[in-house]
Amino acid sequence: AGPVALDGNLTRDLLSEIATSPLFRAADLRVAPASPGKAERLLALLGHPSATFYVNLEEAGLICQTSFDDAATAAQALIARGVHRALVTDGGRTAADAEAGAVRTAQPPEVLVTRVTGAGDTFMAAHIVGEARGLTPQEALSRALEAAAIYVSGGTPK
């Protein structure tokens, strides 16, 4: 039981094993694909009762085999596809957090982007920590976007 962060660098077979393992049934799985090229590996976790996907708009499209104009639509499509919860980012545009019956959105702060590699990992880590500290889903989404914005701007948090 408890949060488990998974990376899409794991093999499809290992992700399939995790998805069906009784050891992980009660786990709060938090999953990121690591890159768009590995997004489809996450299909093994569709239907897991607690898997949360952290993806960008492109990765959501690859998983759903379509393209999306916005994060909220993409997040809802992932839920319809069998994802328990989906957080979808779209660079400097509105991000979304969806689960059955609820969609939350937030706008990331505007910053000068100096790097992008690692932004998704920063977003995911900040979101997990925010929820572990008792923030509401909306607050955790906003806090994660702030952390990612600080990271991509090369700045330091206040």
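Residues numbered from 1 in each chain as written. Predicted model: local features only at pLDDT ≥ 70, side-chain atom pairs only at ≥ 80, totals over all residues. Heavy atoms only, no water.

*Asks:* Got a minute to help me understand the overall build of the protein chain in this structure?
*Replies:* A tally of helices and strands in the protein chain yields five helices and six strands. The order of helices and strands in the protein chain, counted from the N terminus, is β-α-β-β-α-α-β-β-β-α-α. Since a compact globule built from 158 residues should have a radius of gyration of about 15 Å, the 15 Å found for the protein chain is in line with a globular shape. Along the first, second and third principal axes, the C-alpha set of the protein chain runs to 40 × 35 × 30 Å. Counting every position in the protein chain, which comprises 158 residues, the buried fraction comes to 40%. Long-range pairs, those at least 24 residues apart, make up 54% of the contacts in the protein chain with a sequence separation of at least 6. As displayed, the protein chain offers around 8,000 Å² of accessible surface, 53% of which is attributable to carbon and sulfur atoms. Taking the 13 positively charged and 17 negatively charged side chains of the protein chain as two groups, their mean positions are separated by 3 Å. (Helix = DSSP H or I, 4+ residues; strand = E, 2+ residues; numbered from the N terminus. Rg over C-alpha atoms; globule rule 2.2 N^0.38 Å. Buried < 20%, exposed > 50% of the residue type's maximum accessible area, 1.4 Å probe, protein only. Contact = heavy atoms within 4.5 Å. Areas by Shrake-Rupley, 256 points an atom, 1.4 Å probe, with all protein chains shown as cover. Lys, Arg positive; Asp, Glu negative; His and termini not counted. Charge placed at Lys NZ, Arg CZ, Asp CG, Glu CD.)

*Asks:* How do you make sense of the pattern of salt bridges when you look at a structure like this?
*Replies:* Throughout the structure, instances matching the rule amount to seven salt bridges. With a closest N to O distance of 2.9 Å, arginine 30 and aspartate 28 form a salt bridge. Classification of aspartate 28 as partly exposed rests on a relative accessible area of 23%. A salt bridge links arginine 104 to aspartate 97; the nearest nitrogen and oxygen atoms lie 3.5 Å apart. Residue class for arginine 104 comes out buried when judged on its relative accessible area of 14%. What makes aspartate 97 buried here is its relative accessible area of 0%. (Salt bridge = Lys/Arg side-chain N within 4 Å of Asp/Glu carboxyl O.)

*Asks:* Please clarify how the sheet that holds strand S6 (residues 102-106) should be interpreted in this entry.
*Replies:* What holds strands together in a sheet is hydrogen bonding between their backbones, with the strands either parallel or antiparallel. In space, the six strands of this open sheet follow the order S1-S2-S3-S4-S5-S6, with mixed pairing throughout. Each having just a single partner strand, strand S1 (2-7) and S6 make up the two edges of the open sheet. If you compare each strand with its neighbour and ignore which way they point, the axes differ by 15° on average. Bridge count between strand S2 (residues 27-32) and strand S3 (residues 52-56): two bridges; the pairing is parallel. Residue valine 31 lies in a different strand from S3, and its bridge partner there is phenylalanine 53. (Pairing = 2+ DSSP bridges. Axes fitted to C-alpha atoms, helices over the stretch in contact; angles between N-to-C directions.)

*Asks:* Teacher, can you tell me more about the packing of helix H4 (residues 119-132) against helix H5 (residues 137-153) here?
*Replies:* Each pair of packed helices can be described by the angle between their axes along with the distance between the axes. It is the contact of H4 with H5, at a shortest axis distance of 8 Å, that shows an interaxial angle of 145°. Of the two elements, H4 crosses H5, and the hand of that crossing is right-handed. On H5, the residues that touch Ala119, Thr122, Phe123, Ala126, His127, Gly130 and Glu131 of H4 are Pro137, Ala140, Leu141, Ala144, Leu145, Ala147, Ala148, Tyr151 and Val152. Looking at the contact of H4 with H5 residue by residue, the class counts come to 12 nonpolar, three polar and one charged. (Left-handed = near helix turned anticlockwise from the far one by under 90°. Nonpolar A, V, L, I, M, F, W, Y, C, P; charged D, E, K, R; others polar.)

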